[in-house]
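# Fold and geometry: a report
So the chains spell out like this:
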Amino acid sequence: ERMANLPHRDVPGNCLEKDPATQKFVFQQTMMRISNPEKSLDFYTRILGMTLVEKYDFEGARFSLYFLLQCNPADVPEDPKERKLWL
C-alpha cells in the first residue's frame, strides 16, 4: 500500500483519497488557527489534495501543529528523523 509509510494516516479527517478535480492545484504553505482539525484536514487532504506528513501535539498549551504538503505520499520518509530533515 503506497500510503503505509505515512505516520499520521489515521488522524480523524485526514483523507487519503484525493479529489481528482483538484489534483493539479498547488498550495505551498500557510499558517492558520483552526477550531475543528478534523473538518479542516478533510478539506486540505481531500479537496486540495495535500498530504499530512507530520503532527505535533502540545498538550500543555492545548494546540497541535499539522504539516501538510503537496507531495507524493510514497516520497514521505517513514523514519521521523529523516522526515524532519526532508521537510
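The structure reproduced in this document is the subject of the present report. (Residues numbered from 1 in each chain as written. Predicted model: local features only at pLDDT ≥ 70, side-chain atom pairs only at ≥ 80, totals over all residues. Heavy atoms only, no water.)

### Considering the overall build of the protein chain
This is how it is decided: Each helix corresponds to a stretch of at least 4 residues labelled H or I by DSSP, and each strand to a stretch of at least 2 residues labelled E; elements are numbered beginning at the N terminus. For every residue, the accessible area obtained with a 1.4 Å probe (protein chains only) is divided by the maximum for its type, and the residue is called buried under 20%, exposed over 50%, and partly exposed between those limits. Contacts were defined at the residue level, with two residues in contact if any of their heavy atoms lie within 4.5 Å. Here the accessible surface of atoms and residues is derived via Shrake-Rupley with a 1.4 Å probe, and residues count as covered only by protein chains that are part of the display.
Assigned secondary structure in the protein chain consists of two helices and two strands. Along its sequence from the N terminus, the protein chain presents helices and strands in the succession α-β-β-α. Here the protein chain holds 87 residues, and 30% of them are scored as buried. Within the protein chain, counting contacts between residues at least 6 apart in sequence, those at least 24 apart form 52% of the total. As displayed, the protein chain has an accessible area near 6,400 Å², and 52% of this comes from carbon and sulfur atoms.

### Quick notes on the pairing of strand E1 (residues 51-58)
Spelled out, the test is: Strands are treated as partners if at least two bridges between them are detected by DSSP.
Inspection of the sheet shows E1 paired to strand E2 (residues 63-69) by seven bridges, in the antiparallel sense. The partner of Leu52 across the bridge, within E2, is Leu68.

### Quick look at the pattern of salt bridges
Selection criterion: Salt-bridge detection follows one rule: a side-chain nitrogen of Lys or Arg within 4 Å of a carboxyl oxygen of Asp or Glu.
One pass over the full model with this rule turns up three salt bridges. With a closest N to O distance of 2.9 Å, Arg46 and Asp42 form a salt bridge. With Arg46 and Asp42 both in helix H1 (residues 37-47) and four residues apart, this pair spans about one turn of that helix. Taking relative accessible area as the criterion, Asp42 reaches 24% and is therefore assigned partly exposed. The partner of Glu54 in a salt bridge is Arg83, and the shortest N-O contact between them spans 2.9 Å. Residue Glu54 is located in strand E1, and its partner Arg83 is located in helix H2 (residues 80-86); the two are separated by 29 residues in the primary sequence. For the residue pair Glu54 and Arg83, the accessibility class agrees, reading buried in each case.

### A few points about a nonpolar patch on the surface
Defined as follows: Here a patch means residues that are over 30% exposed by relative accessible area and free of salt bridges, tied together within 9 Å if like-charged and within 5 Å if nonpolar (Val, Leu, Ile, Met, Phe, Trp, Tyr).
A surface patch of nonpolar side chains, amounting to about 510 Å² of accessible area, comprises Phe58, Phe63, Leu65, Phe67, Trp86 and Leu87. Sort the elements by how many residues they give to the nonpolar patch and E2 lands first, with three residues. Looking at the element boundaries, Phe63 is found in strand E2. The exposure class of Phe63 is partly exposed, given its relative accessible area of 39%.

### Thoughts on H1
Quick note on the threshold: It is the directions from the helix axis to the C-beta atoms that the arc portrays.
Every buried residue of H1 is accounted for by Ser40, Leu41, Tyr44 and Thr45. One face of H1 carries all of its buried residues, which in axial projection span an arc of 115°. Close packing links the buried residues of H1 with E1 and E2. Immediately downstream of H1, the backbone of Gly49 shows phi near 75°, a positive value.

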